[in-house]
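What follows is each chain in one-letter form.
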Amino acid sequence: MTDSGRHGFATRAIHAGQDPDPTTGSVIVPIHATSTYAQDGVGGLRGGFEYSRTGNPTRTALEECLAALEGGRHGRAFASGMGATDTALRAMCRPGDHVVIPNDAYGGTFRLIDKVLSQWGVQHTPVALSDPDAVRAAVRPNTRVVWVETPTNPLLNIADIAVLAEIARTAGAKLVVDNTFASPYLQNPLELGADVVLHSTTKYVGGHSDVIGGALVTSDTELDAAFGFLQNGAGAVPGPFDAWLTLRGIKTLEVRMEKHSDNAEKVTEALLRHPRVTRVLYPGLPDHPGHEVAAKQMRRFGGMISFTVEGGEEAALRVCSRTRLFTLAESLGGVESLIEHPGRMTHASTAGSLLQVPADLVRLSVGIESADDLVADLQSALA
Ligand SMILES: *Cc1c(COP(=O)(O)O)cnc(C)c1O
């Protein structure tokens, strides 16, 4: 087994859980397309595998790699980010328990808690996580989980993970950080005191917009056992090809995140100079309200930018429909640049609620194309 704890990030991304195959020498982890495993006599398992919902070697390689990237002891891979979210919440909450969630949570997370888990008696309070006093005030004796996203979607708000971890610990609750926007290269919540890290590996971790997946990483062996019980018991597992595609994407995570961050900085500069852009939201900007905290807990500031334009919703929709390189689409974190209108697309369901987003807001997932081309594309769309 690769001694991944001592290695740098890129080395772990390329080698953790991915030793050459002992029987064939295959340098790349094979796609183990099998549902079951031959036994040498009843219970005589050759490699510890008996059925692929319970465990599959390609998935195990991905799980070991994800754990190594977040500096956690245990990793679990899921069929989607929502599969991981559902597993985490159902493993940690019972009827009558309470969860603190961001007031700008990912829409799917809010929907799962508000529409599904509420039917099983799990209560929730949405809070602005950038305000620790508001979190302290929202925590109750029955609070089991404080759920954190940072940076958030699409307003790029920043929460102080170390401060929230302390609040959760004092309250006897677990702190879960959805680290999807930052990726494990830019931010490692377990090192800041979080109990669990969640990823939609669909986004930066996979990085190529070709696979849906999710992950949970923790160093808490008891929590991991509860996650494993539900992973097998409820079965939201990824297939071996999905696990393989995700592992393939992970190998370049460090170079991709560096380039996403470089390009986002250049796009931000161009937007700030543009007369029709009224506000630019990027945690790397010194006047962003979360800049200091972001600089403390993130390696760089990533590839997500939101901005508002002069002329309201109509102008924002016009920009979204006029780019050529930025593809108009939901999702984020791939090598190709995407543009979207949160109010009409990813966040349409928040209309009229306290999660509602500004109508003149445009969100960018800045890809790793040539920065000059991306800037020119936005300038012509804004003209
Ligand atoms: C996309 C996303 C999810 C959900 O992940 P899926 O893979 O789409 O199920 C959860 N949290 C965040 C922050 C996301 O961006």
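The written sequence of each chain sets the order in which its residues are numbered from 1. Local features in this predicted model are restricted to residues of pLDDT 70 or higher, and side-chain atom pairs are both shown and tallied only at a pLDDT of 80 or more, whereas totals for entire chains, interfaces and linings draw on every residue. Working from all heavy atoms in the structure, the side-chain values ignore hydrogens and water.

Draft legend 1. Here's a closer look at the overall build of the protein chain. Across its full length, the protein chain carries 13 helices and 12 strands. Against the compact-globule benchmark of 21 Å for 383 residues, the protein chain has a radius of gyration of 21 Å, which places it among compact chains. Summarising its shape, the C-alpha atoms of the protein chain cover approximately 75 × 50 × 35 Å along the three principal directions. Working definition of accessibility: Shrake-Rupley area with a 1.4 Å probe, residue cover restricted to the visible protein chains. On the protein chain, roughly 15,900 Å² of surface is accessible, and the fraction owed to carbon and sulfur atoms is 53%. Neither His nor the chain ends contribute to the count of charged residues, in which Lys and Arg are positive and Asp and Glu negative. A charge is said to be at NZ when it belongs to Lys, at CZ for Arg, at CG for Asp and at CD for Glu. Here the protein chain contributes 33 positive and 43 negative side-chain charges, whose respective centroids are spaced 2 Å apart. Secondary structure elements are taken from DSSP: a helix is a run of H or I of four residues or more, a strand is a run of E of two residues or more, and numbering for both begins at the N terminus. Our radius of gyration looks at C-alpha atoms and nothing else; its globule reference is 2.2 Å times the residue count to the power 0.38.

Draft legend 2. Expanded view of the packing of aromatic side chains. Between 30 and 60 degrees the pair is tilted, below 30 it is stacked and above 60 it is edge-to-face, where a pair is any two Phe, Tyr or Trp rings, Trp via its six-membered ring, whose centres lie within 6.5 Å. Evaluated as defined, the whole model comprises 4 aromatic pairs. Centre to centre, the rings of Phe-241 and Trp-244 are 6.1 Å apart; their planes meet at 15 degrees, and the pair counts as stacked. Taken as a pair, Phe-241 and Trp-244 lie in helix 9 (residues 240–250) at a separation of 3 residues, close to a single helical turn. For every residue, the accessible area (1.4 Å probe, protein chains only) is compared with the maximum for its type, and the residue is labelled buried under 20%, exposed over 50%, or partly exposed between those bounds. The class of Phe-241 is partly exposed, set by a relative accessible area of 46%. Consider the rings of Tyr-282 and Phe-301, whose centres lie 6.4 Å apart with planes at 70 degrees: the pair is edge-to-face. Of this pair, Tyr-282 sits in the loop between strand 8 (277–281) and helix 11 (291–297) while Phe-301 is found in the loop between helix 11 and strand 9 (304–309), placing the two residues 19 residues apart along the sequence.

Draft legend 3. Focus on the domain arrangement of the protein chain. Examined at the domain level, the protein chain breaks down into domain 1 (4–250) and domain 2 (254–382). Each domain's extent is set by a domain assignment, obtained either automatically or from a database. Measuring from the centre of the C-alpha atoms in domain 1 to the corresponding centre in domain 2 gives 26 Å. The criterion used for residue contact is that any of the two residues' heavy atoms lie within 4.5 Å. At the interface, 33 residues of domain 1 touch 38 residues of domain 2. For the pairing of domain 1 and domain 2, the buried interface totals around 3,000 Å² over both sides, and the portion due to carbon and sulfur atoms is 61%. The quantity reported as buried area is the accessible area (1.4 Å probe) lost by two parts once they are put together, taken as the sum for both. If you sort the residues of domain 1 by the area they bury against domain 2, Tyr-185, Leu-186 and Tyr-204 come out on top, with a joint share of 27%. We define a salt bridge as a side-chain nitrogen of Lys or Arg found within 4 Å of a carboxyl oxygen belonging to Asp or Glu. Our count for the contact surface shared by domain 1 and domain 2 stands at 1 salt bridge. For Asp-160, the salt bridge is made with Lys-296, and the minimal N-O distance between the two is 2.7 Å. Of all the secondary structure elements, the ones that give two or more residues to the side of domain 1 that touches domain 2 are helix 1 (9–15), helix 7 (183–186) and helix 9.

Draft legend 4. Here's a closer look at the site of the ligand. What makes a residue near a molecule or strand is one non-hydrogen atom of that residue sitting within 4 Å of it. Inspection of the region around the ligand gives Ser-80, Gly-81, Met-82, Tyr-106, Asp-178, Thr-180, Phe-181, Ser-200, Thr-202, Lys-203 and Gly-213 as its neighbouring residues. By the criterion applied in these results, polar contacts are pairs of N or O atoms within 3.5 Å in which, for protein atoms, one can donate a hydrogen and the other can accept it, and in which residues neighboring in sequence qualify only through two side-chain atoms. Contact between the ligand and Ser-200: an oxygen atom at 2.8 Å from a side-chain N or O atom of the residue. A distance of 2.7 Å separates an oxygen atom of the ligand from a polar atom in the side chain of Thr-202. When the ligand sits alone it has 380 Å² of accessible area, and the protein chains cover 92% of it. Taken together, the residues that form the shell around the ligand break down as 3 nonpolar, 6 polar and 2 charged. All residues other than Ala, Val, Leu, Ile, Met, Phe, Trp, Tyr, Cys, Pro, Asp, Glu, Lys and Arg, Gly among them, are scored as polar; the first ten of these are nonpolar and the last four charged.

Draft legend 5. Seen up close, the confidence of the model for the protein chain. Averaged over every residue, the pLDDT of the protein chain is 96; the share at 70 or more is 99%. By mean pLDDT, helix 4 (residues 107–116) is the weakest element of the protein chain at 93, and strand 7 (residues 214–218) is the strongest at 99. The predictor attaches a confidence to each residue, called pLDDT, with possible values from 0 through 100.

Draft legend 6. Up close: unusual backbone geometry. Here the amide bond leading from Thr-150 into Pro-151 is cis, since omega sits at -5 degrees, within 30 degrees of zero. Within the element layout of this structure, Pro-151 appears in the loop between strand 4 (143–149) and helix 6 (161–171). Note that the residue after Asn-153, namely Pro-154, is joined by a cis bond; omega there is 0 degrees. Mapped onto the elements of the fold, Pro-154 is located in the loop between strand 4 and helix 6. Its identity is not glycine, yet Ser-183 carries a phi of approximately 75 degrees, on the positive side. When you line up the elements, Ser-183 lands in helix 7. For Ser-183, a relative accessible area of 0% corresponds to the buried category. The backbone of Ser-331 shows a phi angle near 75 degrees, a positive value even though the residue is not glycine. Summarising the element assignment, Ser-331 is placed in the loop between strand 10 (327–328) and strand 11 (338–340).

Draft legend 7. Main features of helix 2 (residues 57–70). Expected span of a helix, by definition, is 1.5 Å for each gap between consecutive residues, and there is one gap fewer than residues. Spanning 14 residues, helix 2 covers 20 Å between terminal C-alpha atoms, matching the ideal 20 Å at 1.5 Å per step. Along helix 2, 12 of the 14 residues are buried, which leaves the element largely enclosed by surrounding structure. Within helix 2, burial applies to Pro-57, Thr-58, Arg-59, Ala-61, Leu-62, Glu-63, Cys-65, Leu-66, Ala-67, Ala-68, Leu-69 and Glu-70. For helix 2, the side-chain oxygen to backbone nitrogen distance between the N-cap and Thr-58 is 2.9 Å, and the N-cap itself is Asn-56.

Draft legend 8. Inspection of the packing of helix 3 (residues 81–92) against helix 4 at higher detail. Relative orientation of the contacting elements helix 3 and helix 4 amounts to 40 degrees, with a least axis distance of 10 Å. Taken together, the axes of helix 3 and helix 4 lie oblique to each other. The crossing of helix 3 and helix 4 is right-handed. Of the residues in helix 4, those in contact with Met-82, Thr-85, Asp-86 and Leu-89 of helix 3 are Gly-108, Thr-109, Leu-112 and Ile-113. A breakdown of the residues in the contact of helix 3 with helix 4 according to their chemical character gives 4 nonpolar, 3 polar and 1 charged. Only the contacting stretch of a helix is used when fitting its axis, a line to C-alpha atoms as for every element, and angles between N-to-C directions run 0 to 180 degrees. Between 65 and 115 degrees an angle is taken as roughly perpendicular, under 35 as roughly parallel, over 145 as roughly antiparallel, and anywhere else as oblique. If you view the pair so one helix is near and one far, a crossing is left-handed when the near helix is turned anticlockwise from the far one by less than a right angle, and right-handed when it is turned clockwise.

Draft legend 9. Inspection of the sheet that holds strand 9 at higher detail. Following DSSP output, two strands are said to pair if at least two bridges run between them. The 5 strands are arranged 8-9-12-11-10 in an open sheet whose pairing can be described as mixed. Whereas interior strands pair on both sides, the edge strands pair on one side only; in this sheet they are strand 8 and strand 10. Note: strand 11 against strand 12 (residues 361–365), 3 bridges, orientation antiparallel. By the bridge assignment for strand 12, Glu-340 is matched with Arg-363. Helix 12 (residues 312–322) rests against strand 9, strand 10, strand 11 and strand 12 of the sheet, and its axis sits at about 135 degrees to strand 9.

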